[in-house]
Amino acid sequence: MKWWIAGAVVLVAAAIVPTFLDPTGYAIRVLTLALLFAALGQAWNIVGGLANQISLGHAAFFGLGAYTSTILLINFGLSPWIGMLAGAAIAAVAAYLLSFPTMKLRGHYFALATLAFSEVLRVIAGSWTSVTGGPVGLSVPFSPDSFWLLQFKSTMPYYYIMLGALVVISGVFLWVRHSSLGYRLRALKENPEAAEVVGVNTTQVKITAAVISAALTATLGTLYAQFTYFFDPEAVFGIIPISVRAAIIAILGGAGTVVGPIIGAFLIVPMEEMANVLLSSRGAGLSQLAFGVMLIAIILIEPRGILALITNGVSRLRRRKSS
Amino acid sequence: MAFIQAVLDGLMIGGVYAVISIGLTLVFGVMGIVNFAQAEFLTLGMFVAYFAWKFLGLDPLIGSFLSFVVIFGLGVVVQMTLIQRVLNAPPVAQIFVTVGLLIVIENLTLIVFGSDFHSVTTSYQTSTLRLGPLFIGVPYLAAFLMALLSAAALWLFTNKTWYGRAMRATAQDPMAANLMGINADRMRQIAFGLGVGMTAFGGAVILPYFTVHPTVGHQFVVLMFTVVVLGGLGSVAGAVVGGFAVGVIQSVSTLFFPIQLQNLVLFIVFLTVLAVRPTGLIGAAR
């Protein structure tokens, strides 16, 4: 049960930290983004980590969430809380439909198909100008300090909302992992044929995981739109800014573990932000370059992520002590 | 007549699509790796040809050979230092090494060359040939012919030379190839070098009618994947057929849909083919 205590301590610390920070400052903004992307990595983790289905298309669901709630807000004045549910529902349906062409695909083929799907949506968002604003994107109408409209002048409320999202999604992840669905997902990951033989309906398992992951990802898209007030097709449907980043955050920390995406996000997001601040004067691209180099390095050193690197190191130390 | 013209335009551009995609399928055929950074090597090839034009006065059609050689060398280095190390790793490692490479190359070009758009000027840039009621732009025809030439050269290499046969043997069974005295690692280096070199060559020959900038590869990513999946990942002949098919689909679809949706039609074709026959419509399954 030590595990629960550690989790509670971290959570309490996370709840206290912002009280020491300037509520409209830069540091809390970076932490808020890190929480958002940790939650995104966690949502990806349900499919990518547990089922080992390497999706490169999670931007599809993220973007659906951002666009659905924002379009409903602009055109009908509908609260993003409701728009969030609508976006999640649409993303769930999209994931369900997408599962038919991708059901039998694995590895590279699955990655390619999901990538193409998010590109389809990016192209639609870029060309359906009357609804989506086209390549220019959408601005969320600004009417701050309304919980109902999810808009605040200070970053502090967003911090707690993202923290809440991360806790909820991590909870869903743990629930999936320890439920019978999780055991079937693991069987699927280890050996799909064997899982099929012992009576696991692999198709149904994959679809369920994909739908849960997609719906959660869409809610984060809504939160992102409300947090940034402005987005364009590239920002929410982009392969590298969303899909690749979600996957990398989970993989870098340790895919399939609940702390993996949290470690990954709290390494990557502040690093990127810091690099942006330090290097942006020396030209665009440097921080992204560092991001790419880091990705390659971690894959070559320990493809199972930093968590595995740490646990390996710890067990090696222990062995040395005991011998 | 508009339809025939569209098909003709599609065939012209399709030849180039075939050549830029051959590398992707070749690398997959030999080592089972999908190079997500393939389009970035196209960008690099275009930059090499652009600078060869700017500083040496080389026409891009000649500069394309330089692009091939330079990017071939780069490909060998990338294979030795990066790809080789994930050959037996799970797909997730393979995917993200090449995705990382994509990010690195894209941002390196951005840092080194800036975000400006560059284009070359040639004497034949605006010339058109007339075939009865049909028209062909000279730069398109030139790129098409160069593409055919390079595809033919690759075919001769893989089928008529010892190295080519050794490379195919490695693709079929690396262990057996090793036992027959073939250095499988060397063959993989050649394959990767050829793979990205061909793509760079294809990028260079379209330079007379295409501007180059660090993110130019984006427009080709899904296009390349569609070509190789249509033709069957791993099949070089399939990539040629797939290239023509994609060129024609793209060109003809502009008759019926707004031009922004051109790629949408392609993506739908891509997803449909993956769903129905992931091993490709044409060519051998792997």
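Bear in mind that the values here come from a model prediction, so they are computed numbers and not experimental data. (Residues numbered from 1 in each chain as written. Chains lettered and ligands numbered in written order. Predicted model: local features only at pLDDT ≥ 70, side-chain atom pairs only at ≥ 80, totals over all residues. Heavy atoms only, no water.)

A. Local environment of the overall build of chain B. Across its full length, chain B holds eleven helices and two strands. Listing each helix as α and each strand as β along chain B from the N terminus yields α-α-α-α-β-β-α-α-α-α-α-α-α. Relative to a compact globule of 286 residues, whose C-alpha radius of gyration would be 19 Å, chain B shows 18 Å and is just as compact. In terms of its C-alpha atoms, chain B occupies a principal-axis envelope of roughly 60 × 45 × 35 Å. (Helix = DSSP H or I, 4+ residues; strand = E, 2+ residues; numbered from the N terminus. Rg over C-alpha atoms; globule rule 2.2 N^0.38 Å.)

B. The interface of chain A and chain B, seen in detail. Counting residues at the interface gives 36 residues for chain A and 39 residues for chain B. When chain A packs against chain B, close to 3,400 Å² is buried across both sides, 87% of that on carbon and sulfur atoms. When the buried area of chain A at its contact with chain B is split by residue, H108, Y109 and L112 of chain A rank highest and sum to 21% of it. One can count one residue pair in polar contact (both at pLDDT 80 or more) joining chain A with chain B. Contributing elements (two or more residues each) for the side of chain A that touches chain B: α5 (107-127), α12 (239-253) and α14 (286-301) of chain A. Top element by residues in the side of chain A that touches chain B is α5 of chain A. It accounts for 14 residues. For the side of chain A that touches chain B, the class distribution of residues is 29 nonpolar, six polar and one charged. (Contact = heavy atoms within 4.5 Å. Buried area = accessible area lost by both parts, 1.4 Å probe. Polar contact = N/O pair within 3.5 Å; in protein donor to acceptor, adjacent residues only side chain to side chain. Nonpolar A, V, L, I, M, F, W, Y, C, P; charged D, E, K, R; others polar.)

C. Highlighting the packing of aromatic side chains. Inspection of every chain in the model, using the stated rule, returns 26 aromatic pairs over all chains. Relative to F244 of chain B, the ring of F144 of chain B lies with its centre 6.1 Å away and its plane at 65°, an arrangement referred to as edge-to-face. Of this pair, F144 of chain B sits in helix α5 (residues 138-160) while F244 of chain B is found in helix α10 (residues 236-256), placing the two residues 100 residues apart along the sequence. Overall, the relative accessible area of 13% leaves F144 of chain B in the buried class. Judged by relative accessible area, which is 22%, F244 of chain B ranks as partly exposed. The rings of F47, Y50, F51, W53, F55 and F113 of chain B are connected pair by pair, giving a single aromatic cluster. Note that R245 of chain A overlies the ring of F37 of chain A, its terminal NZ or CZ placed 4.8 Å from the centroid. (Phe/Tyr/Trp six-rings, centres within 6.5 Å; stacked < 30°, edge-to-face > 60°. Buried < 20%, exposed > 50% of the residue type's maximum accessible area, 1.4 Å probe, protein only. Lys NZ or Arg CZ within 6 Å of the ring centre and 35° of its normal.)

D. Region of interest: the environment of F117 of chain B. All names here are of chain B. Take F117: it is sitting in the loop between α4 (91-113) and β1 (128-131). Between the C-alpha atoms of F117 and F192, which are 75 residues apart in sequence, the distance is 28 Å. Excluding anything up to four places from it in sequence, F117 contacts T211, V212 and H213.

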